[in-house]
2 protein chains.
Amino acid sequence: MEQKTPRDYTHQVSVGGVTLGGGAPVRVQSMLTAPTKDALACLEQINSLVENGCELVRAAIPSSSALEGFSEICKESPIPVIADIHFDYRLAVAAAQNGAAALRINPGNIGSWEKVNAVIDAAKQASIPIRIGINAGSLSAEVSSRQDLTLPQKMVECAKDYVDHFIKAGFDDIVLSAKAHDVLITVETYRELSRKLPSIPLHLGITEAGTKLQGTIKSSVGLGMLLAEGIGDTLRVSLTAEPKDELPVAWGILQALGLRRRGAELISCPTCARCRVNLFDLAQQVEERLQTLRLPISVAVMGCEVNGPGEAKNADIGVACGLRSGTLFAHGEILRQIPEESIVDELFKEIALRFNNRP
Amino acid sequence: MEQKTPRDYTHQVSVGGVTLGGGAPVRVQSMLTAPTKDALACLEQINSLVENGCELVRAAIPSSSALEGFSEICKESPIPVIADIHFDYRLAVAAAQNGAAALRINPGNIGSWEKVNAVIDAAKQASIPIRIGINAGSLSAEVSSRQDLTLPQKMVECAKDYVDHFIKAGFDDIVLSAKAHDVLITVETYRELSRKLPSIPLHLGITEAGTKLQGTIKSSVGLGMLLAEGIGDTLRVSLTAEPKDELPVAWGILQALGLRRRGAELISCPTCARCRVNLFDLAQQVEERLQTLRLPISVAVMGCEVNGPGEAKNADIGVACGLRSGTLFAHGEILRQIPEESIVDELFKEIALRFNNRP
């Protein structure tokens, strides 16, 4: 019996058929960098995102010319496309009419409640949800100037105001985000949002997280903490890198927490002076070949025969490397010795034998 | 006034003059992969680790021949060297006599309490601490077979037995670790260790965490959670990669949680269709040049002039890139426009001007 968490109590929303919240699997998102007027480039990018595990994709619509390709992208995309609009409510209305599976706006930069209402009406008509995306850097002047509140409290106040307005306008098909680039501020904000607005599904992210390495660390630390507490219904890892690089990080976080699994898990030791093979290369080779298989198994690649099979006895299969040979094992039980040059091949033969035909 | 955390209440230990526990800064460790008999190669590796922020280094002593270079390494190393010994207590005794700043043993594989006592005596004589390193994969048969305990409970039971023995032997200069390759098991184990043995400093790590990306994610998620709860006095990030690659990850985790800071923080947006420059290259260039400076400042590199200065207004300095030019800003205030080709140079000129001469 699994324990219930905050994400089991959020209102479930459907983004183009992909459920989100209310105990649905935590959804993995990314965002296009190709301009939407180049529909072909966008669709290519979407395909590479999908291959890497993307379930929902967002596209910025910075101007009316960006709307041209947008409706074609929405028609052809294998996953739902969310339109991201700043400043101009007319772009949001047009995106809703042109096939967007959801809208993302920051009501604080739309200009007036009347304009926000026009966006709400368009979303109602199209039967699509809206994500209210708040950003620490762009809070309303009113909330921003309050000296009595911390930044997380300001973001939560702002979120409550917006949610109140949407609910009063008869619209509750909403998802909420409140991103900052500081990990602790982000964590505190989402914890408070989850307590104060427990029914609203939350989209998690650390914004402007930085380059690939720094962004991976900050997202893993911050989103990991929240997801472990049961907070967050969908996530986007933001990296200053190719969008497809965001996906292995998002999936890695979910996998580390046992929330979802995509493909095999590799267990490999950091090597020490006991190790007599080039384990880095070997582990890399195994990781790459595993990616093509998508089997939900754990595979160990260990640097010594002394500790290897024992330390990786929970692995479904593994190899412990010695001098010029390796020991193949499964669930801690030794299968056979294999010569060094065919370690990877023999490992994958055994994987094929044991796991490829299972239901 | 900072709130006290579990790490403020651990007993403080000194590893070759580097304090650990009792509210000392969370110490960053790594481990040599070069064999200790090649002292020169080890010292070179240590220098590259130190450059990347390593404060304590561990060396495996798998045999008596490994002891040869070890004492020379201990003499020449700019940071304390910890000897890591499995199975043979005589190697641990000899390492203590040959300059080790601390020992790391797993009492479960030393053979008998008498042999463990010989190691304790050698550490007493040398006035050095011992890390008791438990590993989920190598628990004592007695504890391992208990059906009434979960794996984290088994590790904690095992740790308590060992700690009891050391204390009874009149030795409390200990650090404790209990690593697993599963993130949630590791987190649960350390939380329980911190509750049950609140005075013992804890060395954190996820073992066999995998390749660079997977290991970075698993370590960031797991160690991040623990460190955020105030648990953990020192950490090692284990990656199946070059040891020096472990250090930016360890520092990145500490920095993300505001626990320690090493050098500048880069804030950069993930780019979207609004972005008209190659921000990935630009951010990478800025990150690399920042690493040489070691200034504790935050620097923003943003993809558009619309949101850039606002979203990064907490940054000490930053640039928002537009079409063929950039906007230089500091604390959200715009300084001046700069042409695209000199964005990086102008940014660093301004950094030198503003921060290089500050106390």
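Note: the structure precedes this text.
Residues numbered from 1 in each chain as written. Chains lettered and ligands numbered in written order. Predicted model: local features only at pLDDT ≥ 70, side-chain atom pairs only at ≥ 80, totals over all residues. Heavy atoms only, no water.

Novice: What should I look at first to understand the nonpolar core in this one?
Specialist: Generally speaking, a soluble globular protein has its nonpolar side chains buried in company with each other. Formed by 168 residues in total, the largest nonpolar core has its most connected members in Leu103 and Leu235 of chain A together with Leu103 and Leu235 of chain B. With sequence-adjacent residues up to four places away left out, Leu103 of chain A is seen in contact with Ile82, Ala83, Ile85, Ala92, Ala95, Ala96, Val119, Ala123, Ile128, Pro129, Ile130 and Arg131 of chain A. (Core = buried A, V, L, I, M, F, W, Y, C linked by side-chain atoms within 4.5 Å. Buried < 20%, exposed > 50% of the residue type's maximum accessible area, 1.4 Å probe, protein only. Contact = heavy atoms within 4.5 Å.)

Novice: How should I be thinking about the pairing of strand 12 (residues 298–302) of chain B in this particular structure?
Specialist: Along a regular strand, successive side chains alternate from one face of the sheet to the other. All names here are of chain B. Counting buried positions over the 5 residues of strand 12 gives 5, a clear majority of the element. With burial as the criterion, each face of strand 12 is covered, one bearing Ser298, Ala300 and Met302 and the other bearing Val299 and Val301. With 4 bridges joining them, strand 11 (residues 265–268) and strand 12 adopt parallel strand pairing. Paired with Glu265 across the bridge in strand 12 is Ser298. Alignment of strand 12 against strand 13 (residues 317–321), held across 4 bridges, turns out to be parallel. Bridge pairing in strand 13 places Val299 opposite Ile317. (Helix = DSSP H or I, 4+ residues; strand = E, 2+ residues; numbered from the N terminus. Pairing = 2+ DSSP bridges.)

Novice: Would you take a moment to explain the interface of chain A and chain B for this structure?
Specialist: Interfaces are frequently sized by the accessible area removed from exposure as the parts join. With 64 residues of chain A at the interface, the matching set in chain B holds 64 residues. Summed over the three residues of chain A that lose the most area to chain B, namely Glu208, Thr240 and Glu311 of chain A, the buried surface amounts to 12% of that side. Applying the counting criterion to the chain A and chain B interface returns 2 salt bridges. Note that Lys218 of chain A is salt-bridged to Glu265 of chain B, the shortest N-O span being 3.0 Å. Inspection of the region where chain A meets chain B yields 8 residue pairs in polar contact (both at pLDDT 80 or more). (Buried area = accessible area lost by both parts, 1.4 Å probe. Salt bridge = Lys/Arg side-chain N within 4 Å of Asp/Glu carboxyl O. Polar contact = N/O pair within 3.5 Å; in protein donor to acceptor, adjacent residues only side chain to side chain.)

Novice: Sorry, what's going on with the pattern of salt bridges here?
Specialist: A side chain of one charge can pair with a side chain of the opposite charge if their charged atoms are brought near each other. Residues and elements named next belong to chain A. Per the stated rule, a full pass over the model turns up 40 salt bridges over all chains. A salt bridge links Glu346 to Lys349, with the nearest nitrogen and oxygen atoms 3.3 Å apart. Linking Glu346 with Lys349, this pair stays in helix 12 (residues 343–355), spanning 3 residues, or about one helical turn. Residue Glu346 is classed as buried on the basis of its relative accessible area, which comes to 16%. Here the salt bridges share partners, and the residues they tie into one network are Arg336, Glu346, Lys349, Glu350 and Arg354.

Novice: Teacher, can you tell me more about the sheet that holds strand 14 (residues 325–330) of chain B here?
Specialist: Backbone-to-backbone hydrogen bonds join strands into a sheet, with any given pair of strands oriented parallel or antiparallel. Residues and elements named next belong to chain B. If you trace the 5 strands from one edge of the open sheet to the other, you get 11-12-13-14-15, paired in mixed fashion. Pairing within the sheet leaves two strands with one partner each, and these edge strands are strand 11 and strand 15 (333–339). For this sheet, the mean inter-axis angle between neighbouring strands, taken without regard to orientation, is 20°. Contacting strand 12, strand 13, strand 14 and strand 15, helix 12 (residues 343–355) crosses the sheet at an angle of about 160° to strand 13. (Axes fitted to C-alpha atoms, helices over the stretch in contact; angles between N-to-C directions.)

Novice: Quick question: what am I supposed to make of the relation of the copies chain A and chain B here?
Specialist: For the pair of chain copies, the relating operation is a rotation around an axis with a shift along it. Superposing chain A onto chain B requires a rotation of 180° together with a translation of 0.0 Å along the rotation axis, leaving an RMSD of 0.0 Å. Taken together, the turn and the small shift mark the pair as related by a two-fold rotation axis. When C-alpha distances to the rotation axis are compared across chain A, the minimum falls at Val221 of chain A, with a value of 2.4 Å. (Least-squares fit on C-alpha atoms with pLDDT ≥ 70 in both.)

Novice: Would you mind going over helix 1 (residues 39–51) of chain B with me for this structure?
Specialist: Each turn of an α-helix holds 3.6 residues, which means side chains three or four residues apart point in the same direction. Residues and elements named next belong to chain B. Taking 1.5 Å of rise per residue, the 13 residues of helix 1 would be expected to cover 18 Å, and the 18 Å separating its terminal C-alpha atoms lies within 8% of that figure. For helix 1, the complete set of buried residues consists of Ala39, Cys42, Leu43, Gln45, Ile46 and Leu49. Seen end-on, helix 1 carries its buried residues on one side only, within an arc spanning 160°. Away from its buried face by more than 90 degrees, helix 1 exposes Leu40, Glu44 and Glu51. A positive phi of about 100° marks Gly53, the residue just after helix 1. (Expected span 1.5 Å × (residues − 1). Arc of directions from axis to C-beta.)

Novice: How should the packing of aromatic side chains be read in this particular structure?
Specialist: Here a ring pair, both rings aromatic, is described through the centre-centre distance and the interplanar angle of the planes. Residues and elements named next belong to chain B. Inspection of the entire model under this criterion finds 4 aromatic pairs over all chains. Both rings, one in Trp113 and one in Tyr162, keep their centres 6.1 Å apart while their planes meet at 70°; by these two values the pair is edge-to-face. You can see Trp113 sitting in helix 4 (residues 113–126) and its partner Tyr162 sitting in helix 6 (residues 151–168), a full 49 residues away along the chain. The ring of Trp251 carries Arg262 above its face, with NZ or CZ at 6.0 Å from the centroid. (Phe/Tyr/Trp six-rings, centres within 6.5 Å; stacked < 30°, edge-to-face > 60°. Lys NZ or Arg CZ within 6 Å of the ring centre and 35° of its normal.)

Novice: Can you walk me through the environment of Gln337 of chain B in this structure?
Specialist: Residue and element names in this part refer to chain B. Structurally, Gln337 can be placed in strand 15. Here Gln337 falls in the partly exposed class, since its relative accessible area comes to 49%. Apart from residues lying up to four places away in sequence, Gln337 is in contact with Glu305, Ser325, Gly326 and Thr327. Among the polar contacts made by the side chain of Gln337, one reaches the side chain of Thr327 at a distance of 2.9 Å.

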